[in-house]
Amino acid sequence: MMDDVGHTDSFVIAGRTFSSRLIVGTGKYASHEETVAAVRESGADMVTVAVRRVDLDASKQESLLAHLSPDEFFLLPNTAGCYSADEAIRYARLGRAAGLSDWVKLEVIGDQETLLPDVEGLLEATRVLVAEGFTVLPYTSDDLITALKLEDAGAVAVMPLASPIGSGLGLLNPVNIRILKNRLGVPVIVDAGVGTASDACLTMEQGVDGILMNTALAAADDPIRMARAMRLAVHAGREAWLAGRMPRREWAVPSSPNAGMLA
Amino acid sequence: MHIDVNGKAREVETGLSVAGLLSELDLDGRLVVVELNRQIVRHTERSEMLLRAGDRIEIVHFVGGG
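Predicted model only: the values in this text are computed from it and were never measured.

Colleague: What should I look at first to understand the overall build of chain A in this one?
Modeller: Across its full length, chain A holds 8 helices and 10 strands. The C-alpha radius of gyration computed for chain A amounts to 20 Å, which stays within 12% of the reference 18 Å derived for 263 residues, consistent with globular compactness. With respect to the principal axes defined by its C-alpha atoms, chain A has extents near 85 × 40 × 35 Å. In chain A, which comprises 263 residues, the share counted as buried stands at 48%. In chain A, the proportion of contacts linking residues at least 24 apart, taken out of those at least 6 apart, comes to 65%. Summing over all exposed atoms, chain A offers an accessible surface of approximately 12,400 Å²; the carbon and sulfur share of this is 51%. A gap of 3 Å separates the mean positions of the 23 positive and 34 negative side-chain charges of chain A.

So, in structure tokens, the structure goes:
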């Protein structure tokens with residue numbers, strides 16, 4: 001991708017190039033219309049969706065696909081709400097059977113209170129799905145060893161959390177995220193926990209490849225405006241990372257010359 | 001005959017196909033995925049695949065999610 005100052009800064013996952021480093025979810029919006037407006041304003045070209053039963057009692061419900069065109073956005077089905085490898089594998093297969101792609105955002109949740117990942121189940125599901133030809137993007141903890149095992153199992157990106165899903169607590173452990181980024185060959189996409197623009201900017205300043213968020217947009221008073229803020233923040237954080245920040249010092253250094261002061 | 005669709009009992013005619021069930025439910029077949037007794041039914045198989053008493057069918061689609 002060519003940015004607004006003419007630099008090339010491609011974001012490639014599994015050979016596919018994305019124009020935005022911001023990936024957004026589509027849950028918890030007030031309406032399909034608001035979802036689409038926020039997604040468009042975010043600039044994201046990859047969008048996550050969930051697989052659920054059709055509600056047969058509801059009167060003629062409109063499919064999300066009728067609003068989010070697979071021609072406009074790359075839809076990434078998730079396995080949210082799955083608490084075992086087997087369940088996540090089942091949901092991944094259902095998502096793929098929709099016929100859009102073989103990509104899956106893999107979640108195996110270990111605890112209802114924190115929604116923290118069950119990394120053992122996650123590894124097991126990753127191995128099975130990779131063997132079945134899936135392109136797997138696992139949502140994981142910020143633990144390096146798990147991330148390395150996921151990469152070794154064939155994950156095309158690793159998606160550590162900033163803080164628990166839907167918490168809006170921001171980036172709790174920037175050190176762990178930097179360690180992951182330094183050690184992994186596949187893209188690192190921070191997924192979950194970002195609450196506002198400064199969180200997104202700070203996260204990108206750690207050098208990660210992208211951010212996936214949902215609630216920060218959907219639960220804002222004005223989701224569309226927050227989508228714009230996040231687009232700008234992700235871009236600003238990426239630019240700052242590429243620019244290379246100045247060193248931190250615990251003493252002052254004057255910005256104006258010492259020479260030329262009046263006697 | 002009795003079948004189970006998305007966790008609810010349903011009475012349908014013997015010999016109904018998966019495609020027939022979707023049209024009975026007024027669903028756009030292009031936007032849903034069907035699982036019959038834990039096996040995914042491919043779009044191309046829906047017309048020939050006939051339902052039997054006791055079958056458990058799941059009909060899913062994409063909804064908003066993170």
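Now that the structure is up, let's keep going.
Colleague: Honestly, the pairing of strand β5 (residues 56–64) of chain B in this entry has me stumped. Any pointers?
Modeller: Consecutive side chains along a regular strand alternate between the two faces of the sheet. Where strand β4 (residues 46–53) of chain A meets β5 of chain B, 5 bridges bridge the pair, whose relative direction is antiparallel. Bridging across to β5 of chain B, Arg52 of chain A finds its partner in His61 of chain B. Bridge analysis of strand β1 (residues 2–5) of chain B against β5 of chain B gives 2 bridges, and the strand direction is parallel. If you follow Asp4 of chain B over to β5 of chain B, its bridge partner there is Arg56 of chain B. The pairing of strand β3 (residues 33–36) of chain B with β5 of chain B spans 4 bridges and is classified as antiparallel. The partner of Val34 of chain B across the bridge, within β5 of chain B, is Ile59 of chain B.

Colleague: Looking at this model, I keep getting lost on the interface of chain B and chain A. Mind explaining?
Modeller: Interfaces are often sized by the accessible area lost when the parts come together. Contacts between the two partners involve 23 residues from chain B, matched on the other side by 29 residues from chain A. Counting each side, the surface lost to burial between chain B and chain A is near 2,400 Å², with a carbon and sulfur contribution of 61%. Among the residues of chain B in contact with chain A, His61, Phe62 and Gly66 of chain B are the three that bury the most area, contributing 31% of the side total. Arg90 of chain A is paired through a salt bridge with Glu35 of chain B; the nearest N and O atoms lie 2.5 Å apart.

Colleague: Could you clarify how one ought to interpret helix α6 (residues 197–204) of chain A in this entry?
Modeller: One turn of the α-helix equals 3.6 residues, which is why residues spaced by three or four share an orientation. Buried within α6 of chain A we find Asp199, Ala200, Cys201, Thr203 and Met204 of chain A. Elements in contact with the buried residues of α6 of chain A: β9 (189–191), β10 (210–213) and α8 (223–243) of chain A.

Colleague: Could you clarify how one ought to interpret the sheet that holds strand β6 (residues 103–106) of chain A in this entry?
Modeller: Two strands in a sheet stick together by hydrogen bonds in their backbones, pointing the same way (parallel) or opposite ways (antiparallel). Residues and elements named next belong to chain A. Pairing is parallel across the open sheet formed by 3 strands, whose spatial order is β6-β7-β8. Strands with a single pairing partner mark the edges of an open sheet, and in this sheet they are β6 and β8 (159–160). Relative to strand β7 (residues 135–140), β6 runs parallel, the two sharing 4 bridges. In the sheet register, Lys105 faces β7, and the bridge partner there is Leu137. Contacting β6 and β7, helix α3 (residues 119–131) runs over the sheet at an angle of about 175° to β7.

Colleague: Help me out: how do you make sense of the environment of Val63 of chain B in this one?
Modeller: Mapped onto the secondary structure, Val63 of chain B falls in strand β5. The partly exposed category is assigned to Val63 of chain B, whose relative accessible area is 22%. The residues touching Val63 of chain B, leaving out its near neighbours within four places in the chain, are Thr26, Val49, Ala50, Arg52 and Leu64 of chain A.

Colleague: Honestly, the packing of aromatic side chains in this entry has me stumped. Any pointers?
Modeller: Within a pair of aromatic rings, the relevant descriptors are the distance that separates the centres and the angle that separates the planes. Residue and element names in this part refer to chain A. Evaluation of the coordinates by the stated rule reveals 4 aromatic pairs over all chains. Seen in terms of ring centroids, Phe74 and Trp103 are 4.9 Å apart; in terms of plane orientation they differ by 75°. Their pairing is edge-to-face. Residue Phe74 is found in strand β5 (residues 74–77), and its partner Trp103 is found in strand β6; the two are separated by 29 residues along the sequence. Just as Phe74 is buried, Trp103 falls in that class too. Three or more aromatic residues joined by ring pairs form one cluster here, namely Phe11, Phe18, Phe74 and Trp103. Looking at Arg96, its charged tip hangs above the ring of Phe134, at a distance of 3.8 Å from the centre.

Rules used in this analysis
Residues numbered from 1 in each chain as written. Chains lettered and ligands numbered in written order. Predicted model: local features only at pLDDT ≥ 70, side-chain atom pairs only at ≥ 80, totals over all residues. Heavy atoms only, no water. Helix = DSSP H or I, 4+ residues; strand = E, 2+ residues; numbered from the N terminus. Rg over C-alpha atoms; globule rule 2.2 N^0.38 Å. Buried < 20%, exposed > 50% of the residue type's maximum accessible area, 1.4 Å probe, protein only. Contact = heavy atoms within 4.5 Å. Areas by Shrake-Rupley, 256 points an atom, 1.4 Å probe, with all protein chains shown as cover. Lys, Arg positive; Asp, Glu negative; His and termini not counted. Charge placed at Lys NZ, Arg CZ, Asp CG, Glu CD. Pairing = 2+ DSSP bridges. Buried area = accessible area lost by both parts, 1.4 Å probe. Salt bridge = Lys/Arg side-chain N within 4 Å of Asp/Glu carboxyl O. Axes fitted to C-alpha atoms, helices over the stretch in contact; angles between N-to-C directions. Phe/Tyr/Trp six-rings, centres within 6.5 Å; stacked < 30°, edge-to-face > 60°. Lys NZ or Arg CZ within 6 Å of the ring centre and 35° of its normal.

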